[in-house]
Amino acid sequence: MPAQSTATPAFSGSITALVTPFAGDRLDEDALRRLVDWQITEGSNGLVPVGTTGESPTLSHDEHKRVVEIVIDEAKGRVPVIAGAGSNSTMEAMDFAIHAEKAGADAVLVVTPYYNKPTQAGMEAHFKAVAGAIALPLIIYNIPPRSVIDMSVETMARLFEVKNIIGVKDATANMSRVSLQRQMMGPDFLQLSGEDATALGFMAHGGHGCISVTANAAPGLCAQFQAACLAGDYARALSFQDKLMPLHTALFLETSPSPVKYALAAQGRMQETVRLPLLPASDSTKAVVREALGIADIPLA
């Protein structure tokens, strides 16, 4: 049985999977800086630029790297920055990870290679190659709904033997995975939820935090929710869950990040622009998002 640990991991609590603001065809750097500062002021415990929520598939490599640089610069060390560095090309993932390290990121988040459908052995080799290119901590991002492939607990356990592979962002929404991963890797294996709606159960099973889409639009509430979970006050956490659940649901009525960008636009924080092949949220979804923001007592512009 792995030894028990009471240490609080360096990356825990409410960590925002940041959207990437656009102004027309270009990055809206001013809006991104404002978003970063607001997130930190509201209590977010960390930031993840250029993940899936940041529309990384439609950013050029130069844009990807620029977003990472801006977020690190604006955060000014106030919270950890976990830079998205995933690709279905191992060489591209290594390049993004090396850049993130040079730019001053605190860790990298690397998604399981999508579309290629590598075997478990192929995934293991991919992550070992990326981890070997940097000294930064690396967090595995396991998201079968988007990547098609699912990294097994056994593969994860082998990767945890690599000194700078420290944990997982788990977007399987399978609560048993948390306990199974604790059973095999122990409590020091960092486990971050990648699915807002089930984060309460994830935390109760032994999770350390959530890389959250909803935290873009409701950073203060998400931070308080996570703080309650980490304190073991699940009655208080449930009260936040009840308030946030309509928003968790609304923000995934259409492909993310279209609804959450609208939620931010409705608060006057940025334009709702997304890049093709995504489209802005439909009017019917916007109405549900506005209603959910109201339930969460989040004022509109």
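In case you missed it, the structure is sitting above this.
Parameters and conventions
- Residues numbered from 1 in each chain as written.
- Predicted model: local features only at pLDDT ≥ 70, side-chain atom pairs only at ≥ 80, totals over all residues.
- Heavy atoms only, no water.
- Axes fitted to C-alpha atoms, helices over the stretch in contact; angles between N-to-C directions.
- Helix = DSSP H or I, 4+ residues; strand = E, 2+ residues; numbered from the N terminus.
- Parallel < 35°, antiparallel > 145°, perpendicular 65-115°, else oblique.
- Left-handed = near helix turned anticlockwise from the far one by under 90°.
- Contact = heavy atoms within 4.5 Å.
- Nonpolar A, V, L, I, M, F, W, Y, C, P; charged D, E, K, R; others polar.
- Core = buried A, V, L, I, M, F, W, Y, C linked by side-chain atoms within 4.5 Å.
- Buried < 20%, exposed > 50% of the residue type's maximum accessible area, 1.4 Å probe, protein only.
- Expected span 1.5 Å × (residues − 1).
- Arc of directions from axis to C-beta.
- Phe/Tyr/Trp six-rings, centres within 6.5 Å; stacked < 30°, edge-to-face > 60°.
- Lys NZ or Arg CZ within 6 Å of the ring centre and 35° of its normal.
- Pairing = 2+ DSSP bridges.
- Polar contact = N/O pair within 3.5 Å; in protein donor to acceptor, adjacent residues only side chain to side chain.

1. Quick word on the packing of helix H11 (residues 258–266) against helix H12 (residues 283–295)
Logical step 1: Interhelical geometry of H11 versus H12 gives an angle of 60° and a closest axis separation of 10 Å. Viewed along their axes, H11 and H12 adopt a mutual orientation that is oblique. In this structure, H11 crosses over H12, and the sense of that crossing is right-handed. Contact residues: Pro-259, Tyr-262, Ala-263 and Ala-266 in H11; Thr-285, Lys-286, Val-289, Arg-290 and Leu-293 in H12.
Logical step 2: When the residues that make up the contact of H11 with H12 are grouped by side-chain class, the tally is 6 nonpolar, 1 polar and 2 charged.

2. Comments concerning the nonpolar core
Logical step 1: Counting residues in each nonpolar core, the largest one holds 78 residues, and the members touching the most others are Val-108, Leu-138 and Ile-140.
Logical step 2: Setting aside residues up to four positions removed in sequence, Val-108 forms contacts with Ile-82, Ala-83, Ala-85, Ala-97, Ala-100, Ile-134, Leu-136, Pro-137, Leu-138 and Ile-139.
Logical step 3: Counting residues in hydrophobic clusters, the runner-up holds 15 residues, among them Leu-109, Val-111, Ile-143 and Leu-190.

3. Notes on H12
Logical step 1: Between the first and last C-alpha of H12 there are 19 Å, a value that for 13 residues agrees with the 18 Å anticipated at 1.5 Å per step.
Logical step 2: Among all positions in H12, only Thr-285, Lys-286, Val-289, Ala-292 and Leu-293 are buried. Projected down its long axis, H12 shows its buried positions confined to an angular sector of 125°, all on one face. H12 presents Asp-283, Ser-284 and Glu-291 as exposed residues on the side facing more than 90 degrees away from its buried surface.
Logical step 3: Asp-297 sits one or two residues past H12 and shows a positive phi near 60°.

4. Considerations on the packing of aromatic side chains
Logical step 1: In the structure shown here, the tally under the stated rule is 1 aromatic pair.
Logical step 2: Between Phe-160 and Phe-189 the ring centres are 4.9 Å apart and the planes differ by 80°, which places this aromatic pair in the edge-to-face class. Here Phe-160 is found in the loop between helix H6 (153–159) and strand E8 (165–170), whereas its partner Phe-189 is found in the loop between helix H7 (175–185) and strand E9 (190–193), with 29 residues between them in sequence.
Logical step 3: Here Phe-160 falls in the partly exposed class, since its relative accessible area comes to 26%.
Logical step 4: Across the ring face of Tyr-141, the terminal group of Lys-169 is positioned such that the distance to the ring centre comes to 4.0 Å.
Logical step 5: Across from the ring centre of Trp-38, 3.7 Å away, lies the NZ or CZ of Arg-269, which sits over that ring.

5. Looking at helix H9 (residues 219–230)
Logical step 1: Taking 1.5 Å of rise per residue, the 12 residues of H9 would be expected to cover 16 Å, and the 16 Å separating its terminal C-alpha atoms lies within 8% of that figure.
Logical step 2: In terms of burial, H9 is largely enclosed, as 9 of its 12 residues are buried.
Logical step 3: For H9, the set of buried residues is Pro-219, Gly-220, Leu-221, Cys-222, Ala-223, Phe-225, Gln-226, Ala-228 and Cys-229.
Logical step 4: Among the residues trailing H9, Gly-232 stands out with phi positive, at a value near 75°.

6. Some words on the pairing of strand E1 (residues 13–17)
Logical step 1: Of all the 5 residues making up E1, 5 are buried; the element is thus mostly covered by neighbouring parts of the structure.
Logical step 2: Sheet topology note: the E1/strand E10 (residues 209–212) ladder contains 4 bridges and is parallel. In the strand pairing of E10, Gly-13 is matched with Gly-209.
Logical step 3: As paired elements, E1 and strand E4 (residues 46–48) share 3 bridges and run parallel to each other. Bridge pairing in E4 links Ile-15 to Gly-46.

7. Side note on the pairing of E8
Logical step 1: Within E8, 5 of the 6 residues are buried, which leaves the element mostly enclosed by the surrounding structure.
Logical step 2: Note that strand E7 (residues 138–142) and E8 share 5 bridges and pair parallel. Bridge pairing in E8 places Asn-142 opposite Asp-170.
Logical step 3: Pairing geometry for E8 and E9, over 4 bridges, is parallel.

8. As for the environment of Thr-198
Logical step 1: With respect to the helices, strands and loops of the structure, Thr-198 is situated in the loop between E9 and helix H8 (199–204).
Logical step 2: In this structure Thr-198 touches Ala-173 and Met-175, once residues within four positions along its chain are discounted.

9. Observations concerning the side chain of Thr-16
Logical step 1: Mapped onto the secondary structure, Thr-16 falls in strand E1.
Logical step 2: A polar contact is formed between the side chain of Thr-16 and the side chain of Gln-39, at a distance of 2.6 Å.
Logical step 3: Of note is the side chain of Thr-16, whose polar atom sits 3.3 Å from the side chain of Ser-44.
Logical step 4: Setting aside residues no more than four positions away along its own chain, Thr-16 makes contact with Gln-39, Ser-44, Gly-46, Leu-47, Val-48, Ser-212, Ala-215 and Asn-216.

10. Overview of the sheet that holds E1
Logical step 1: Spatially, the 8 strands line up as an open sheet ordered E4-E1-E10-E9-E8-E7-E6-E5, and their pairing is parallel. Of all strands in the sheet, those bounded by a partner on one side alone are E4 and strand E5 (82–84). Adjacent strand axes in the sheet meet at a mean angle of 30°, parallel and antiparallel pairs treated alike.
Logical step 2: Those strands touched by H7 are E7, E8 and E9, and its axis lies near 175° from that of E9.

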